[in-house]
Amino acid sequence: MKNLIDTSMRREKADFLFKNAKIVDVFTNTIIKTNFAVKHGYIVGFGNYEAYEEIDLFDSYVAPTLIDGHVHIESSKVTPSQFAKAVVPHGVLTVIADPHEIANVTGMDGIDFMLKDSENLPLDVYIMAPSCVPATPFEDSGAYIGVKEIEELMAIDRVLGLGEVMDFNSVINCDPEILGKIEKAKEYNKIIDGHCPGITRDNLYAYALAGIKTEHECTNIEEMTDRLELGMYIHIREGSAARNLRDLVKGVNKNNISRMMFCTDDREPCDLINHGSIDNNIRMAISLGLDPIDCIKMATINTALVYNLKDVGAIAPGYKANFITFNNLYDFNVEEVYREGTIVAKGNQILFGTQNTPCENLMNTVNMKSLNKSDLTIVKTGNYMNAIKIEPGNLVTKKIKINADKYFKDIVSNSIYSKIIVVERHKNTGNFALGIVEGFNIKNGAIASTVAHDSHNIIAIGDNDDDILLAVNELRKIGGGIVITSKEQILGELALEIGGLMSNKPINEVSNELENLKIIAHDNLGVPDEIEPFMTLSFLALPVIPEIKITDRGLFDVLENKFIDLFD
């Protein structure tokens with residue numbers, strides 16, 4: 001501190017003097033044209049300073065580096081060190097990551113890997129301790145994290161709090177396990193993230209009363225307002241499958257802006273590389289009429305304050321010299337990215353190296369009984385069937401009833417409906433369930449994946465049993481990932497050997513392979529362009545998002561909190 005103060009008082013030289021900057025002041029919503037000095041990675045003052053090195057920014061705008069307030073790195077299909085290669089050039093130097101995907105497969109070993117692989121990067125990866133492993137009692141995951149494990153995680157400095165509390169029914173019904181986890185977070189004075197889509201207003205009172213402070217699952221202004229009125233903070237999400245920003249920014253105003261943040265939640269590697277991360281949220285929000293500086297605040301200081309990150313989120317003395325440069329306040333295209341005064345990315349190119357962390361204990365996680373074609377046969381036992389209807393751009397699905405005779409006719413003619421199957425793949429229990437989906441529109445093929453939120457059993461969808469079986473069996477051979485089949489041929493696959501969720505390959509390779517699979521899904525199998533095929537499929541297995549989902553134990557009515565029969 002003495003060195004910093006002496007430099008601030010001009011008794012010592014600064015390490016760097018950045019000249020001719022137009023600083024976005026997130027405290028006063030103004031632009032300040034000045035120079036700023038950096039010592040030991042921290043900003044020490046504005047104006048003219050002697051420095052060992054002067055860097056002219058040529059009247060570029062300067063803003064704090066961006067913070068993703070809620071993200072699952074595993075959804076990028078790569079390791080944290082590879083994820084950093086995608087987001088750092090887009091100006092993101094801090095993420096609040098919930099590793100409950102890998103935790104649901106491999107438990108504490110998976111969390112340990114995420115912590116180790118994210119060390120020594122220009123990206124600061126903070127962790128939220130997964131609160132729901134398994135996500136609910138209505139599915140079978142590969143691991144269990146209880147109160148004891150949560151306490152172990154709370155003692156780690158990089159663990160900022162308790163991850164999204166998805167099992168809201170357990171909270172409002174005072175389940176001792178989830179309340180015990182919440183109490184541990186409070187004992188360590190750490191924040192608790194929420195996840196409560198579709199919850200009624202009366203139930204929301206109890207949920208907020210438990211001390212849950214954030215929500216990223218709002219899909220409309222009414223839900224957002226309900227939570228704001230109870231003192232919660234809102235993450236406005238723009239992911240690959242869940243695209244809620246366009247609807248929610250209409251409700252952002254000067255009265256509630258301090259409660260607003262941005263997040264991506266789940267974003268595919270090709271979207272991260274081609275369109276960006278939180279910078280994409282900012283550009284979209286500006287294009288929809290929000291003030292650019294307000295958008296930058298939502299991506300920086302607001303999130304830093306909520307998660308008690310004291311030295312990032314602003315350009316001011318005592319804050320780390322983590323900043324981005326850009327030339328146009330409205331286009332918001334990041335040009336340079338600095339961490340503690342040192343450039344780490346320029347022109348969308350990284351200027352840092354990455355590492356490979358051993359992960360042998362996270363391999364070979366597909367452990368399931370073989371299926372026969374007879375297992376996939378649906379026998380008519382009623383006149384109507386409960387089915388899942390997809391809503392493009394939304395994780396919420398609709399529960400619909402379809403005429404059974406119409407289904408059996410359409411499944412033969414490759415028309416409206418797809419068959420979906422979830423198979424337990426962790427402990428070889430033999431559990432599996434069948435269902436019907438409207439809106440995926442697969443023709444002459446199938447898609448299978450070990451990415452199925454949040455227990456990550458095998459999920460497959462298709463219009464014929466032969467292709468579904470071929471895709472599932474291929475997943476077993478490659479140790480997890482994504483497989484597309486058609487006419488009993490494998491059209492493409494992506495191996496995700498780490499827990500069936502992540503690849504050890506460089507992110508550009510994974511992105512290219514995944515992009516090719518998307519083209520196959522749309523062009524060869526007929527999946528509608530407005531449907532993000534793999535992310536959308538993965539969320540059909542998450543029984544905490546209304547209205548209807550499917551787990552390895554059966555069809556689940558989220559609003560009624562119970563399993564339902566396929567035939568009604």
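Computed from a predicted structure; not experimentally measured.

Points about helix α7 (residues 176–187)
Working step 1: In this model, α7 (12 residues) spans 16 Å end to end at C-alpha, consistent with the 16 Å of a helix rising 1.5 Å per residue.
Working step 2: All of the buried residues in α7 are I178, G180, K181, I182, K184 and A185.
Working step 3: Those residues of α7 that are buried lie in contact with α5 (147–154), β8 (159–165), α6 (168–172) and β9 (191–194).
Working step 4: Its side-chain oxygen 3.0 Å from the backbone nitrogen of E177, D175 forms the N-cap of α7.

Let's talk about the packing of α5 against α7
Working step 1: Viewed as axis vectors pointing N to C, α5 and α7 meet at an angle of 15°, and their least axial separation amounts to 9 Å. In terms of axis orientation, α5 runs roughly parallel to α7. The interaxial crossing formed by α5 with α7 has right-handed handedness. Contacts from V147, I150, E151 and M154 in α5 reach E177, G180, K181, K184 and A185 in α7.
Working step 2: Class assignment of the residues belonging to the contact of α5 with α7 gives a composition of four nonpolar, one polar and four charged.

Some details on the UniProt feature "domain: Amidohydrolase-related" (unreviewed entry) in the protein chain
Working step 1: Those residues carrying the UniProt feature "domain: Amidohydrolase-related" (unreviewed entry) are residues 61–344 in this numbering.
Working step 2: From the first C-alpha to the last, residues 61–344 spans 17 Å; its make-up is 36% helix and 19% strand.

As for the sheet that holds strand β16 (residues 349–350)
Working step 1: Across the sheet, eight strands lie side by side as β3-β2-β1-β4-β13-β14-β15-β16; this open sheet has mixed pairing. Each of the sheet's edge strands pairs with one partner strand only, and the pair in question is β3 (42–46) and β16.
Working step 2: Note that strand β2 (residues 30–39) and β3 share four bridges and pair antiparallel. Within β3, the position partnered with V38 by the bridge is I43.

Description of the side chain of T264
Working step 1: Along the polypeptide, T264 turns up in the loop between β12 (260–263) and α11 (269–275).
Working step 2: Engagement of the side chain of T264 in a polar contact is seen with the side chain of D68, the distance being 2.5 Å.
Working step 3: Setting aside its immediate chain neighbours within four residues, T264 contacts D68, H70, V71, R237, E238, G239, S277, I278 and N281.

Concerning the pairing of strand β22 (residues 458–462)
Working step 1: Of all five residues in β22, five are buried; the element is thus mostly enclosed.
Working step 2: Across the two faces of β22 the burial is the same, with I458, A460 and G462 and I459 and I461 all buried.
Working step 3: Sheet topology note: the strand β19 (residues 417–423)/β22 ladder contains five bridges and is antiparallel. Note on β22: the bridge partner recorded for I421 is A460.

Examining the pattern of salt bridges
Working step 1: By the definition in use, this model includes 32 salt bridges.
Working step 2: For K184, the salt bridge goes to E151, with nearest N and O atoms at 3.4 Å. Of this pair, K184 sits in helix α7 while E151 sits in helix α5; the two residues are 33 residues apart in sequence, bridging distant segments of the chain.
Working step 3: Given the relative accessible area of 16%, K184 is considered buried.
Working step 4: Among the residues examined, E151 registers a relative accessible area of 31% and is labelled partly exposed.
Working step 5: Across the pair K401 and D568 runs a salt bridge whose closest N-O atoms are separated by 2.0 Å. In this pair, K401 sits in strand β18 (residues 397–403) while D568 sits in the segment after β27 (562–564), placing the two residues 167 residues apart along the sequence.
Working step 6: Owing to a relative accessible area of 51%, D568 belongs among the exposed residues under this scheme.
Working step 7: Shared partners join several salt bridges into a network, and the residues in it are D124, K320, R339 and E340.

Re the domain arrangement of the protein chain
Working step 1: Each domain of the protein chain was delimited in the assignment, giving domain 1 (65–313) and domain 2 (363–563).
Working step 2: Of note, the centres of domain 1 and domain 2, computed from C-alpha atoms alone, are 26 Å apart.
Working step 3: Domain 1 puts 46 residues into the contact, and the matching count from domain 2 is 51 residues.
Working step 4: Counting the contacts that link domain 1 with domain 2 gives one salt bridge.
Working step 5: One salt bridge in this structure joins R553 and D140, with 3.0 Å as the shortest N-O distance.
Working step 6: At the junction of domain 1 and domain 2, the tally comes to 17 residue pairs in polar contact (both at pLDDT 80 or more).
Working step 7: Going through the elements one at a time, α2 (80–87), α3 (100–106), α4 (108–117), α6 and α11 are the ones with two or more residues in the side of domain 1 that touches domain 2.
Working step 8: For the side of domain 1 that touches domain 2, the element with the highest residue contribution is α3, accounting for six residues.
Working step 9: Of the residues assigned to the side of domain 1 that touches domain 2, the class counts are 18 nonpolar, 15 polar and 13 charged.

A look at the side chain of H100
Working step 1: One can find H100 in helix α3.
Working step 2: H100 sits in the buried class, given a relative accessible area of 2%.
Working step 3: Reaching out from H100, the side chain makes a polar contact with the side chain of E101 at a distance of 3.2 Å.
Working step 4: Not counting the four nearest positions on each side in its chain, H100 is found in contact with H72, E74, P130, E164, M166 and D454.

Focus: a nonpolar patch on the surface
Working step 1: On the surface, a cluster of nonpolar side chains totalling about 370 Å² of accessible area is made up of M1, I5 and M9.
Working step 2: With respect to the secondary-structure elements, I5 resides in helix α1 (residues 2–8).
Working step 3: The exposure class assigned to I5 is partly exposed, which follows from its relative accessible area of 43%.

As for helix α17 (residues 507–523)
Working step 1: The terminal C-alpha atoms of α17, which comprises 17 residues, lie 24 Å apart, in line with the 24 Å expected from a rise of 1.5 Å per residue.
Working step 2: Looking at α17, one finds that the buried residues are I507, V510, S511, L514, L517, K518, I520, A521 and H522.
Working step 3: Packing partners of the buried residues in α17 comprise α2, α11, β21 (446–449), β23 (481–486), β24 (489–495) and α18 (533–539).

Reading the values: the criteria
- Sequence positions are assigned chain by chain, starting from 1 and proceeding in written order.
- Owing to the predicted nature of the model, reporting of local features is limited to residues with pLDDT of at least 70; listing and counting of side-chain atom pairs is limited to 80 or more, with chain, interface and lining totals taken over all residues.
- For side-chain calculations, the full set of non-hydrogen atoms in the structure is used, while hydrogens and water are omitted.
- Runs of H or I in DSSP of at least four residues are treated as helices and runs of E of at least two as strands, each being numbered from the N terminus.
- To estimate how far a helix should reach, multiply one less than its number of residues by 1.5 Å.
- Whether a residue is buried, partly exposed or exposed follows from its accessible area with a 1.4 Å probe, protein chains only, as a fraction of its type maximum: under 20%, in between, or over 50%, in that order.
- Contacts are assigned to residue pairs that have any heavy atoms within 4.5 Å of one another.
- Two N or O atoms count as a polar contact when they lie within 3.5 Å, although within protein this holds only if one can serve as hydrogen donor and the other as acceptor, and sequence-adjacent residues are included solely when both atoms are side-chain atoms.
- Every angle, taken between N-to-C directions, lies between 0 and 180 degrees, and every axis is a line fitted to C-alpha atoms, over only the stretch in contact when it is a helix.
- Our angle categories are set so that under 35 degrees counts as roughly parallel, over 145 as roughly antiparallel, 65 to 115 as roughly perpendicular, and the remainder as oblique.
- We call a crossing left-handed when the near helix sits turned anticlockwise from the far one by less than a right angle, and right-handed when that turn is clockwise.
- Classes in brief: Ala, Val, Leu, Ile, Met, Phe, Trp, Tyr, Cys and Pro nonpolar; Asp, Glu, Lys and Arg charged; the others, Gly included, polar.
- UniProt positions are given in the numbering used here, feature names are shortened, and annotations may be inferred rather than shown by experiment.
- We call two strands paired when DSSP finds no fewer than two bridges between them.
- One speaks of a salt bridge when a side-chain nitrogen belonging to Lys or Arg is within 4 Å of a carboxyl oxygen belonging to Asp or Glu.
- Boundary definitions for the domains trace back to an automatic or database domain assignment.
- Patch membership requires more than 30% relative accessible area and the absence of a salt bridge. Residues of like charge join within 9 Å; the nonpolar side chains Val, Leu, Ile, Met, Phe, Trp and Tyr join within 5 Å.
- Working definition of accessibility: Shrake-Rupley area with a 1.4 Å probe, residue cover restricted to the visible protein chains.

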